[in-house]
Amino acid sequence: MERATMSAGTTRVALDGVRNAPSLLEGMRSIEDLSDAAAASADANDTAATVRVLLSAILDPKDQLAAIGAVLALGGVRHERAGSALLTVLREGPSYLRDHAVWALGGCEMLPRALPLLIEAVIAGDFRGMLAQRTLESWALRTPDDVRVAVARGLATTTVTAARARLVETLGLVPGDATQALLRAVAVGDLEDLTTRATAIAALGDPPPTRERREKGFTPSATTTSVLIMLASQQSSLAPVAQLALDDLRSLAEPQSTTRVDGDRTVAQLFLHADIDGALTHAGRGDTGGIATLLVHLGDALLRADPPVCRVLTLSRGRSAAALTALADVAKPGHHYLSVPLWGPAPQAARAWPLWVAARRGIRRVLRVAGQVDALHLRMADVGSLAAASAAHELGVPLVLTLAPDPHALVAAREETGELTRSNVGDADEVEHLVFRDSLLRQLARRADHVVVFPRPELEHDLRDLLGIDTDDETLHLSVVPEGINLPAVDAAIEDATGTQPGDEGADGATAPASPALAELDELLGTLPAERRGLPLAISVGRLHPVKGMATLVAAWASRPDLSSRCNLLLVGGDLEEPNDDERGQLDLIESVIPTDSAADAGLLLAGHRPNGTVTAWLAATRHGRGETAAPHGVYVSASLKEEFGIAILEAMAAGLVVVAPGNGGPATYVTSGETGVLADTASPEALAAAVVAALDLASAPEADSTAERTMATVRDRFGIDTMAASLAEVYERVAAGRHTAAGGRAS
């Protein structure tokens, strides 16, 4: 009894650590200590007392964070009492705790009573469905028959296409010949829809690892191989899916050589929420923002870096046919754009968690086929990083992580304003998955061979308070690397904008043609009424997403007649023809301020997404003007609630524009407020409007041109993409050398 009291006391102390943490972020970090304390209970008496302590927090509605921590801690208590408590939470607990109960069950022994509830979660999909799949996968490794039967029962009672596909995907996580037989039946079943069949086919090429496979190697099933050969030979949309599955089976049976060649480095980089190509065709649409632009330019620059990188593998979402084509040349030097095949419409980033299984499979395929990957660079706490970290761990690929305080900075800001409290953080977490993302980011940081951070005004303070990172930790391999931009493209855009103005005549007296990018801008400016032509532009580039603040900018601009009469507002970004939910929400907010069908009459130009080259040309034109339709000395406005660094802001400064930027985060390290731009509270329309007015004043000041020249020189000296690539190439070299040395040490 005394031992149980001691164990429960330790858990109670750890629980008080969560309850009394001075901030929500520190409370989230304390959950790990609580889980460790609860897991230390060793016998039935320990367990009973520990579970009672945790239940006391779960039943307290005033502290939702402590309740979440208590639920997660139950997952580490290896006893039926803890599992039963989690089952009760899943059945009867508050809605905000149920995701965490599903997550925590993954740490428990298999509970037959929980299987139907987890199957229901898979059927429902979304974030909880992903967590249920992960829990079922962990159980299937120990009790495959029970999980297989539960999934089969779900399939027998479910007719909804998307739900059946998720169940079949879950079935593919269960090892065993019986699973393979069920998958083959679905793959060839003419009564099944294409989505479900594609899911079964992909799973056939990726059987779960077993102890026997690890010990004796892998031999593909002859029956499965025959089925896949038959499907790959047919003229249907399933043929490339089947061919990829066949290739997966062959690579499992005959693994690629991973012999490392000194100086012959390969680096992989990932952004799952975009369809990235070298021309950045989709830039600014949906979730295809600054990261996509960065990865394209960075990948090219790494090939020129010293130390050199031989191959750069840029992974993004795509289709099976594209994946097959790209993989054929992956062994060659150069910058390769590789698809992680996803079936069906691409969800928004915040709702992409159900892609976990497909993403892991696609990322693992690329890493396996590539044969030698010296570093996989991850950049955010999202489903892509979750899947990639798992694949990299399995294949022994080193990780580099760019660590940014997301969602931490916004959590801290919302807590400071009183928007987020202990009594409602669970409700926010249910939508935004704050605790899971925080935990994922910390796990990635611990697992990473090297951590990269952006410059911030108070870097050590932010790393410690927002992320819990101790920069004095000698075991932490950390580098500060600013982002960079493609300077030659900016130079070309400036030359284009200054070389040809509307109405200019060539040597033969004919009107000199503008470049296609500037011709598009001239056409757009031509929609302005006569009285608004000749005003400078305030231009903003970014996704139509709430965090980018486009609707806030429109409201700020329209609210001050002295501002809206002084400049026209040009917004570049978003899919205006087929907007996703976030884009539709921003467009509706803009519509409530200025009707979009008459927006140009008011001076608001909605351009939609444009390729990066077009955007660069428009930035230069904003500074230098476009004849009678747009005056020179326009400004650039970033209305983002947060910018970890700000690629578009740097591109604007490289073009000589005065900028408005968020006062927190990376821009404050390179924007001199009152000189090269204005740092503002971008969450406040009033403050944002005042900042745009101040920026226009700076842009038209007598010394504006000399300031612009200094700004452009600063960007050129510090923030070129080649400068960034050189810094990262050194990081990758150290990571590869460290892994090579460690492997040699183990071998000896």
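The structure this text deals with has already been given above.
Treat the numbers as computed from the prediction; the structure is a model and nothing was measured. (Residues numbered from 1 in each chain as written. Predicted model: local features only at pLDDT ≥ 70, side-chain atom pairs only at ≥ 80, totals over all residues. Heavy atoms only, no water.)

*Asks:* Explain the overall build of the protein chain to me, and be specific about the residues and the numbers.
*Replies:* Helix and strand counts for the protein chain stand at 34 helices and 13 strands. The C-alpha atoms of the protein chain give a radius of gyration of 28 Å, which matches the 27 Å a tight globule of 748 residues would have. Taken along its principal axes, the extent of the C-alpha atoms in the protein chain is 85 × 60 × 55 Å. Pairs at least 24 residues apart make up 72% of the contacts formed inside the protein chain by residues separated by at least 6 positions. One way to put it: in the protein chain the 65 positive side-chain charges average out to a point 8 Å from where the 96 negative ones average out. (Helix = DSSP H or I, 4+ residues; strand = E, 2+ residues; numbered from the N terminus. Rg over C-alpha atoms; globule rule 2.2 N^0.38 Å. Contact = heavy atoms within 4.5 Å. Lys, Arg positive; Asp, Glu negative; His and termini not counted. Charge placed at Lys NZ, Arg CZ, Asp CG, Glu CD.)

*Asks:* Report on the packing of aromatic side chains, specifying residues and quantitative values.
*Replies:* Tallying each qualifying case throughout the model produces eight aromatic pairs. Seen from their ring centres, Trp353 and Phe436 are 5.5 Å apart, and the 90° between their planes marks the pair as edge-to-face. In this pair, Trp353 sits in the loop between strand 3 (334-341) and helix 18 (356-370) while Phe436 sits in helix 22 (residues 434-447), placing the two residues 83 residues apart along the sequence. Of the two residues, Trp353 and Phe436, neither departs from the other in class, the shared state being buried. Directly above the aromatic system of Trp356 lies the positively charged group of Arg134, at a separation of 5.5 Å from the ring centroid. (Phe/Tyr/Trp six-rings, centres within 6.5 Å; stacked < 30°, edge-to-face > 60°. Buried < 20%, exposed > 50% of the residue type's maximum accessible area, 1.4 Å probe, protein only. Lys NZ or Arg CZ within 6 Å of the ring centre and 35° of its normal.)

*Asks:* Got a sec to walk through the pairing of strand 3? Specific residues and values, please.
*Replies:* The element strand 3 is extensively covered by neighbouring structure, given that seven of its eight residues are classed as buried. For strand 2 (residues 311-318) and strand 3, the ladder comprises eight bridges, and the chain directions are parallel. Of the residues in strand 3, the one forming a bridge with Arg317 is Val340. (Pairing = 2+ DSSP bridges.)

*Asks:* How would you summarise the pattern of salt bridges if you had to cite specific residues and measurements?
*Replies:* Counting across every chain of the model gives 37 salt bridges. In this structure, Asp491 engages Arg716 in a salt bridge whose closest nitrogen and oxygen atoms are separated by 2.7 Å. Placement of the pair is Asp491 in helix 24 (residues 487-499) and Arg716 in helix 33 (residues 704-718), with a sequence separation of 225 residues. Counted as one network, the salt bridges with shared partners bring together Asp406, Arg437, Arg456, Asp462, Lys642 and Glu644. (Salt bridge = Lys/Arg side-chain N within 4 Å of Asp/Glu carboxyl O.)

*Asks:* How would you summarise the pairing of strand 8 (residues 537-541) if you had to cite specific residues and measurements?
*Replies:* Among the five residues in strand 8, four count as buried, and that is most of the element. As judged from the five bridges shared by strand 8 and strand 9 (residues 568-572), these two strands associate in the parallel manner. By the bridge assignment, Ile539 is partnered in strand 9 with Leu570. Bridging between strand 8 and strand 11 (residues 635-637) involves two bridges; their strand directions are parallel.

*Asks:* Before we move on, can you summarise the sheet that holds strand 7 (residues 478-480) with the specific residues and values?
*Replies:* Pairing is parallel across the open sheet formed by seven strands, whose spatial order is 3-2-1-4-5-6-7. Unpaired on one side and paired on the other, strand 3 and strand 7 mark the two borders of the sheet. Strand-to-strand twist in this sheet, taken as the mean axis angle between neighbours without regard to direction, amounts to 25°. The sheet contact formed by strand 4 (residues 375-378) and strand 5 (residues 399-402) spans three bridges and is parallel. Bridging from a neighbouring strand, His377 pairs with Val400 of strand 5. Packing of helix 18 onto the sheet brings it into contact with strand 1 (266-270), strand 2, strand 3 and strand 4, and relative to strand 3 it is tilted by some 145°. (Axes fitted to C-alpha atoms, helices over the stretch in contact; angles between N-to-C directions.)

*Asks:* I'd like a description of the sheet that holds strand 11, backed by residues and values.
*Replies:* The strand order across the open sheet formed by six strands is 10-9-8-11-12-13, and the pairing between neighbours is parallel. Taken across any chain shown, the strands that pair with only one partner, and hence form the sheet edges, are strand 10 (604-608) and strand 13 (677-680). The average undirected angle you get between the axes of adjacent strands in this sheet is 20°. In this structure, strand 9 lies alongside strand 10, joined through four bridges in parallel fashion. For Leu569, the partnering residue across the bridge sits in strand 10 and is Leu604. The sheet contacts of helix 31 (residues 647-654) involve strand 8, strand 11 and strand 12 (658-662), and relative to strand 12 the element is tilted by about 165°.

*Asks:* How would you summarise the packing of helix 25 (residues 516-525) against helix 30 (residues 612-624) if you had to cite specific residues and measurements?
*Replies:* Where helix 25 meets helix 30, the axes come as close as 9 Å, and the angle between the chain directions of the two elements is 60°. Judged by the angle between their axes, helix 25 and helix 30 are oblique. For the pair helix 25 and helix 30, the crossing hand works out as right-handed. Residue-level inspection shows Ala517, Leu518, Glu520, Leu521 and Leu524 of helix 25 in contact with helix 30, the latter providing Thr614, Ala617, Trp618 and Ala621. Looking at the contact of helix 25 with helix 30, its residues break down into seven nonpolar, one polar and one charged. (Parallel < 35°, antiparallel > 145°, perpendicular 65-115°, else oblique. Left-handed = near helix turned anticlockwise from the far one by under 90°. Nonpolar A, V, L, I, M, F, W, Y, C, P; charged D, E, K, R; others polar.)

*Asks:* Can you break down the side chain of Arg311 residue by residue, with the values?
*Replies:* Within the element layout of this structure, Arg311 appears in strand 2. Here Arg311 is buried and forms no salt bridge, its nearest opposite-charge partner Asp264 lying at an N-O distance of 6.0 Å. Among all residues touching Arg311, those that are not within four sequence positions of it are Arg265, Thr266, Val267, Leu303, Val330, Ala331, Lys332, Pro333, Gly334, Ala370 and Gln372.

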